[in-house]
Amino acid sequence: MKKFSFALDSLRRYRNTLFEQEQGRLQALLLESRRLEERRLQLLEEAAHARTRVRAMAVIPVDQLTALQAFQRFTGEEVQRIGQAKMSLSVRIEEQRLALKLARRNVEALEKLKERRFQAWRAEADREMEAAVAELVIGRFRRPSENGGTPVDP
């Protein structure tokens, strides 16, 4: 019996590599999304801290008030920009999830095909083994006249 081999094994490995690449792309996009959210939270925290410092002053100089307003405006614009970037990124993440799902299906399809072919090979190998054993058993228990006159020890 020949050894089992799957002719599409190199394609299966290639598709598995593509799946891993798609996984890496998704992880990178998710990491970018987390970083944007961390930056947004950091900006909001800094703005709240700046407001608290200015409010704690007994006398608020005009330049401090002007700086606080400019910083609040900057923070608002930056938070809005981050929100837009996150929305765009969420679309890309969903597209990447779909690409990953497709890559997974491609890998799984070849895995199932390999398994079916292995089972067919295994069944054929079992049939061949049974036939060989049956032939040996039949040959061992033949009557002496069928073996050329020599008796066979059972």
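Right, let's walk through the structure included here. None of the values given here were measured: they were computed from a predicted structure.

### Structural notes on the overall build of the protein chain
Thinking step 1. Scanning the protein chain for helices and strands turns up two helices and zero strands.
Thinking step 2. For 154 residues, the compact-globule formula gives about 15 Å, and the C-alpha radius of gyration of the protein chain, at 36 Å, lies well above that figure.
Thinking step 3. Across its three principal directions, the C-alpha atoms of the protein chain cover 125 × 25 × 15 Å.
Thinking step 4. Looking at the protein chain as a whole, 19% of its 154 residues qualify as buried.
Thinking step 5. When contacts within the protein chain are restricted to residue pairs at least 6 apart in sequence, those whose partners lie at least 24 apart make up 81%.
Thinking step 6. When the accessible surface of the protein chain is totalled, it reaches about 11800 Å², and 55% of it is carbon and sulfur.

### Description of the nonpolar core
When a protein is soluble and globular, its nonpolar side chains tend to lie buried together.
Thinking step 1. Of all hydrophobic cores here, the largest spans 13 residues; its most connected members are Phe19, Leu26, Leu89 and Ile93.
Thinking step 2. Broken down by secondary-structure element, the contributors of at least two residues to this core are helix H1 (9-56) and helix H2 (62-140).
Thinking step 3. Counting residues per element, this core draws most heavily on H2, at seven residues.
Thinking step 4. The contact partners of Leu89, leaving out residues within four places of it in the chain, are Leu29, Glu32, Ser33 and Leu36.
Thinking step 5. Ranked by size, the runner-up nonpolar core spans five residues in total, among them Phe4, Leu110, Leu113 and Trp121.

### Considerations on the pattern of salt bridges
Thinking step 1. The final tally for this structure, using the stated rule, is ten salt bridges.
Thinking step 2. We note a salt bridge from Glu37 to Lys86, for which the minimum N-O separation is 2.5 Å. With Glu37 in helix H1 and Lys86 in helix H2, the pair connects residues that are 49 residues apart, well separated along the chain.
Thinking step 3. With relative accessibility at 25%, the residue Lys86 sits in the partly exposed group.
Thinking step 4. Put simply, Arg81 and Glu78 hold a salt bridge, and the shortest N to O gap is 2.7 Å.

The rules we used
Residues numbered from 1 in each chain as written. Predicted model: local features only at pLDDT ≥ 70, side-chain atom pairs only at ≥ 80, totals over all residues. Heavy atoms only, no water. Helix = DSSP H or I, 4+ residues; strand = E, 2+ residues; numbered from the N terminus. Rg over C-alpha atoms; globule rule 2.2 N^0.38 Å. Buried < 20%, exposed > 50% of the residue type's maximum accessible area, 1.4 Å probe, protein only. Contact = heavy atoms within 4.5 Å. Areas by Shrake-Rupley, 256 points an atom, 1.4 Å probe, with all protein chains shown as cover. Core = buried A, V, L, I, M, F, W, Y, C linked by side-chain atoms within 4.5 Å. Salt bridge = Lys/Arg side-chain N within 4 Å of Asp/Glu carboxyl O.

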